Protein chains: 2
Amino acid sequence: MGTVRKALGLLDILAHPDSRYGLTEMARLSGFDKATTRRLLLELKADGFVEQDEGTRAYLLGPALLMLGRAREERFPFFKIAQPTVRALAESSGETSHVSEYVSGAMASICAQESDKSNRVIVQVGERLPLHATASGLAYLAASMDAFVDAALRKPLPQFSANTITDPDALWTILSNARSRGYVECDQLRADGVFSVGAAIVSPKGAPIGAVAVALPSMRADAEKIAEIGALTAAAATEISTRLFGKTGGTQRIRKI
Amino acid sequence: MGTVRKALGLLDILAHPDSRYGLTEMARLSGFDKATTRRLLLELKADGFVEQDEGTRAYLLGPALLMLGRAREERFPFFKIAQPTVRALAESSGETSHVSEYVSGAMASICAQESDKSNRVIVQVGERLPLHATASGLAYLAASMDAFVDAALRKPLPQFSANTITDPDALWTILSNARSRGYVECDQLRADGVFSVGAAIVSPKGAPIGAVAVALPSMRADAEKIAEIGALTAAAATEISTRLFGKTGGTQRIRKI
């Protein structure tokens, strides 16, 4: 792996919502030795991509990322456009709703609105959601070219929960159902007790760029509720696609599998 | 310069509001040879830090930056907190107002609200404002430790306009006035015809983190108007500091020079 990608990988570790890591933990989590980790962090720090907490010395994402993130958002206002829809979806579904963008092999959560119920699912901005084990990832795959899906499912598929499916054929069945239904159902594939429903955000040419999803405690996920949330989620994905691209891009491509 | 910093420098070029650059221009602007530039861009692209326009092949800031920027903002909600104040300041002053954050040697603009006058100053998110030639930068310096200011003024100070001041002693005079007044006046130091007024956003411990500024055509910048805008800008800086840190951090430190 090139030096640049090593450094960018450190930023990914720091994007995790719980990250409060010092040098030793950063080295352990990245798999680089301590000297390398320190050198990369120093380079990132010099340009404001990371900073250090004055008290704990923990590394944090730096101000340059806010500036660059804002500059990206100015050109392609995904967050701004998705946010009102995510809020409305959380209200209409009564459950936690969120939008993620595809970033190099995973879905990066950029916008979330929690349910106001005391028993609810938490989704945090900065979380990276694996393609094969989340409604967001599976919705993205369902809207992708078959060759892309095949390549994604040939990679190692980690087991996150008792229900995680790691068999590509079984995952293709879920994707096939999603393609005919317009949304994905994800029954505790990543975490026990969490059911989620997702639909892809798609460009007018049919390329998926992200997903909108609703996540709820599986005890509330009966068939009727899921069908209702599925319809709301698919409509939200269409709304975001349309507002992003100026015309409808929301119909997910149906491809033979 | 390390490989990582070279790559991060390419992101900085892409943050410029007008950037629509192909490989040749990226190489020219970065000063790296074409092979190096291409290799760095490929590494950045693999992790979603840059992407390429399908039509023009121009390089663009990628989705990973939005995700990381949002993750940074979740921990330290600078943009969210600054935005309403910036809008109110644009309204009360009648002029373009903006907030910037200090990022490794310059002020990075993260939030701007234009005046609704037809003759107005444009400030774009992603612009990097030099410390010695902008109200934002000088406000930041005025709130900084003397040793930091000395170091900043020992670096090369480029000439941007006829009025740009590159003599450290003359700049210290401006900073001294700013420290006693609570805001900085910047008379066409970066661009002919642009007057700006800035005040630092300061932590409770007195460390500056950014600045709020108002920029107007210098033909409208009479003494009375500037005094009025100066008071509004200083109040806006205090408001943002207080909302960011939970208690007042807005009084700029007065230090002997």
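Residues numbered from 1 in each chain as written. Chains lettered and ligands numbered in written order. Predicted model: local features only at pLDDT ≥ 70, side-chain atom pairs only at ≥ 80, totals over all residues. Heavy atoms only, no water.

**Q** Would you explain helix 3 (residues 34-46) of chain A in this entry?
**A** Think of an α-helix as turning once every 3.6 residues; residues three or four places apart then point the same way. Counted at 1.5 Å a residue, the expected span for helix 3 of chain A with its 13 residues is 18 Å, and the 18 Å between its end C-alpha atoms agrees. What helix 3 of chain A keeps buried is the set A:Thr36, A:Thr37, A:Leu40, A:Leu41, A:Glu43 and A:Leu44. Within helix 3 of chain A, the buried residues cover an arc of 160° as seen down the axis, which keeps them to one side. Taken together, the buried residues of helix 3 of chain A touch helix 1 (3-15), helix 2 (23-30), strand 1 (50-52) and strand 2 (59-61) of chain A together with helix 1 (3-15) of chain B. N-cap assignment for helix 3 of chain A: the residue whose side-chain oxygen lies 3.1 Å from the backbone N of A:Ala35 is A:Asp33. Positive backbone phi, at 75°, marks A:Gly48, one or two positions downstream of helix 3 of chain A. (Helix = DSSP H or I, 4+ residues; strand = E, 2+ residues; numbered from the N terminus. Expected span 1.5 Å × (residues − 1). Buried < 20%, exposed > 50% of the residue type's maximum accessible area, 1.4 Å probe, protein only. Arc of directions from axis to C-beta. Contact = heavy atoms within 4.5 Å. Polar contact = N/O pair within 3.5 Å; in protein donor to acceptor, adjacent residues only side chain to side chain.)

**Q** Explain the pairing of strand 3 (residues 96-103) of chain B here, please?
**A** Consecutive side chains of a regular strand alternate in pointing toward one face of the sheet and then the other. Residues and elements named next belong to chain B. Burial within strand 3 is extensive, with eight of its eight residues counted as buried. Judged by which residues are buried, strand 3 turns out to be covered on both faces: Thr96, His98, Ser100 and Tyr102 on one side and Ser97, Val99, Glu101 and Val103 on the other are all buried. Here six bridges tie strand 3 to strand 8 (residues 208-217), and the two strands are oriented antiparallel to one another. The residue bridging Ser100 from the neighbouring strand is Ala211, located in strand 8. Relative to strand 4 (residues 106-113), strand 3 is paired through seven bridges, and the arrangement is antiparallel. Following the sheet pairing, Ser97 is matched in strand 4 by Gln113. (Pairing = 2+ DSSP bridges.)

**Q** What should I look at first to understand the sheet that holds strand 7 (residues 194-202) of chain A in this one?
**A** What holds strands together in a sheet is hydrogen bonding between their backbones, with the strands either parallel or antiparallel. Residue and element names in this part refer to chain A. The six strands lie next to each other as 5-4-3-8-7-6, forming an open sheet whose pairing is antiparallel. Two strands close off the open sheet at either side, each with one partner strand: strand 5 (128-130) and strand 6 (184-187). Between one strand and the next, the sheet's axes are offset by a mean angle of 35°, whatever the strand orientation. As defined by bridge partners, strand 4 (residues 106-113) adjoins strand 5 across three bridges and the pair is classed as antiparallel. Considered in strand 5, the bridge of Met107 is made with Leu129. (Axes fitted to C-alpha atoms, helices over the stretch in contact; angles between N-to-C directions.)

**Q** Sorry if this is basic, but what is going on with helix 8 (residues 168-181) of chain A here?
**A** All names here are of chain A. The first and last C-alpha atoms of helix 8 sit 20 Å apart over 14 residues, in line with the 20 Å expected at 1.5 Å per residue. Among the residues of helix 8, those classed as buried are Leu171, Trp172, Ile174, Leu175, Ala178 and Arg179. One face of helix 8 carries all of its buried residues, which in axial projection span an arc of 160°. In helix 8, the exposed positions angled more than 90 degrees off the buried face are occupied by Asp169 and Ser180. On the buried face of helix 8, the contacting elements are helix 6 (135-142), helix 7 (146-154) and strand 6. Following helix 8 by one or two positions, Gly182 adopts a phi angle in the positive range, close to 90°.

**Q** Would you mind showing me how to read the interface of chain A and chain B here?
**A** Interfaces are often described in size by the accessible area the parts lose on coming together. On the side of chain B, 49 residues touch chain A, which itself brings 49 residues to the contact. Buried area between chain A and chain B, summed over both chains or domains, comes out near 4,200 Å², and the portion from carbon and sulfur atoms is 67%. When the buried surface of chain A facing chain B is broken down by residue, A:Leu66, A:Met67 and A:Arg72 rank first, second and third, together holding 17% of it. Inspection of the region where chain A meets chain B yields four salt bridges. When the shortest N-O distance is used, the salt bridge between A:Asp47 and B:Arg5 registers 2.9 Å. At the boundary of chain A with chain B, the tally comes to 20 residue pairs in polar contact (both at pLDDT 80 or more). (Buried area = accessible area lost by both parts, 1.4 Å probe. Salt bridge = Lys/Arg side-chain N within 4 Å of Asp/Glu carboxyl O.)

**Q** So what exactly am I meant to see when it comes to the environment of A:Ile165 here?
**A** Residues and elements named next belong to chain A. Within the element layout of this structure, Ile165 appears in the loop between helix 7 and helix 8. For Ile165, a relative accessible area of 22% gives the class partly exposed. Through-space distance from the C-alpha of Ile165 to that of Gln188 is 9.9 Å; in sequence the pair is 23 residues apart. Each residue touching Ile165, except ones within four places of it in the same chain, is listed here: His132, Ala170, Leu171, Ile174 and Leu189.

**Q** Would you explain the state of the cysteines in this entry?
**A** All chains considered together, the criterion is met by zero disulfides over all chains. Unpaired in terms of disulfides, B:Cys111 finds its nearest cysteine sulfur in A:Cys111, a separation of 18 Å. Judged by its relative accessible area of 3%, B:Cys111 falls in the buried class. Not part of a disulfide, B:Cys186 finds its nearest cysteine sulfur in B:Cys111, a span of 20 Å. (Disulfide = S-S within 2.5 Å.)

**Q** Sorry if this is basic, but what is going on with the nonpolar core here?
**A** Within soluble globular proteins, side chains that are nonpolar generally end up buried alongside one another. Core analysis: the biggest nonpolar cluster contains 102 residues, and A:Leu11, A:Phe78, A:Val99, B:Leu11, B:Phe78 and B:Val99 have the highest contact counts within it. Every residue in contact with A:Leu11, bar those within four places of it in the chain, is listed here: A:Leu44, A:Phe49, A:Val50, A:Leu61, A:Leu65, B:Phe49 and B:Leu68. (Core = buried A, V, L, I, M, F, W, Y, C linked by side-chain atoms within 4.5 Å.)

**Q** Quick question: what am I supposed to make of the domain arrangement of chain A here?
**A** Residues and elements named next belong to chain A. As assigned here, chain A comprises domain 1 (3-67) and domain 2 (76-245). Put simply, the middle of domain 1 and the middle of domain 2, counted by C-alpha atoms, are 29 Å apart. A per-residue breakdown of the area domain 1 buries against domain 2 is headed by Asp12, Ala15 and Pro17, which together make up 86% of the total. Inspection of the domain 1/domain 2 interface yields one salt bridge. For the salt bridge of Arg128 with Asp12, the shortest nitrogen-to-oxygen distance reads 2.3 Å. Inspection of the domain 1/domain 2 interface yields one residue pair in polar contact (both at pLDDT 80 or more). Among the residues making up the side of domain 1 that touches domain 2, the classes are represented as two nonpolar, one polar and two charged. (Domains from an automatic or database assignment. Nonpolar A, V, L, I, M, F, W, Y, C, P; charged D, E, K, R; others polar.)

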